[in-house]
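Single-letter residue listing:
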Amino acid sequence: MMSIQFQGDKMSSAKRTPAGDAMTDIMLDLFRLNSRMLAAGDRLVADLGLTSARWQILGAIVTAERPQPVAWLARDLGANRQNVQRIINDLLKEGLVAFETNPHHRRAQLVVLTEKGRRAFDAAMRVQIPWINSLSDGLLVKDIKSAHRLIVALRTKLEGNDDAEAQA
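About the cut-offs
Residues numbered from 1 in each chain as written. Predicted model: local features only at pLDDT ≥ 70, side-chain atom pairs only at ≥ 80, totals over all residues. Heavy atoms only, no water. Axes fitted to C-alpha atoms, helices over the stretch in contact; angles between N-to-C directions. Helix = DSSP H or I, 4+ residues; strand = E, 2+ residues; numbered from the N terminus. Parallel < 35°, antiparallel > 145°, perpendicular 65-115°, else oblique. Contact = heavy atoms within 4.5 Å. Nonpolar A, V, L, I, M, F, W, Y, C, P; charged D, E, K, R; others polar. Core = buried A, V, L, I, M, F, W, Y, C linked by side-chain atoms within 4.5 Å. Buried < 20%, exposed > 50% of the residue type's maximum accessible area, 1.4 Å probe, protein only.

**Student:** Got a minute to help me understand the packing of helix α2 (residues 52-63) against helix α4 (residues 81-93) in this structure?
**Tutor:** Relative orientation and spacing of two packed helices are given, respectively, by the angle between their axes and the distance between those axes. Two elements in contact, α2 and α4, have axes separated by 10 Å at closest approach and are oriented at 90°. Relative to α4, the element α2 lies roughly perpendicular. Residue-level contacts link A53, R54, I57, L58 and I61 of α2 to V84, I87, I88, D90 and L91 of α4. Of the residues belonging to the contact of α2 with α4, the class tally is eight nonpolar, no polar and two charged.

Rendered as structure tokens:
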């Protein structure tokens, strides 16, 4: 498989390594999988008044060790701060989250789950359990764990590249 890479004003042809070919296949499938997972998640929680994006943010709030500002939630999710802020604002309007004063920063308020938000998240998790059990049926736990290790390794490498690019 050949790829075209730009070098200045010239185009050159560079050949991928076998690992590069395999990684390209995985990444393309991950893009497709992400789209399908978001669509499935949207369908799963639609009756609860949630979307995959809202559910994901509620989950980030629940799993955080302590209340966090929007920027930290976005960082933990690997998401754009403005997109997370927009969703948080929607959740706030619906009474699923609230803001608390941040003793360490005057303007960056802390995002907390309300009781209504907790009930919505818990309801989403109740419908997720049978769905995820069905989805994983027939797959080997060792294969799932191997895939997880690969995804974490790739994410770590990409996060390292993001840090290096930010420092440059």
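**Student:** So what exactly am I meant to see when it comes to the nonpolar core here?
**Tutor:** Looking at soluble globular proteins, one finds that nonpolar side chains tend to be buried together. Core analysis: the largest hydrophobic core is formed by 20 residues, its most contacted members being L50, I57, I61, I88, L91, V97 and V111. When contributions to this core are tallied by element, the ones reaching two or more residues are α2, α3 (70-77), α4 and α5 (115-136). Tallying contributions element by element places α2 first for this core, with five residues. Here I57 is in contact with L77, V84, I87, I88 and L91, once residues within four sequence places are set aside.

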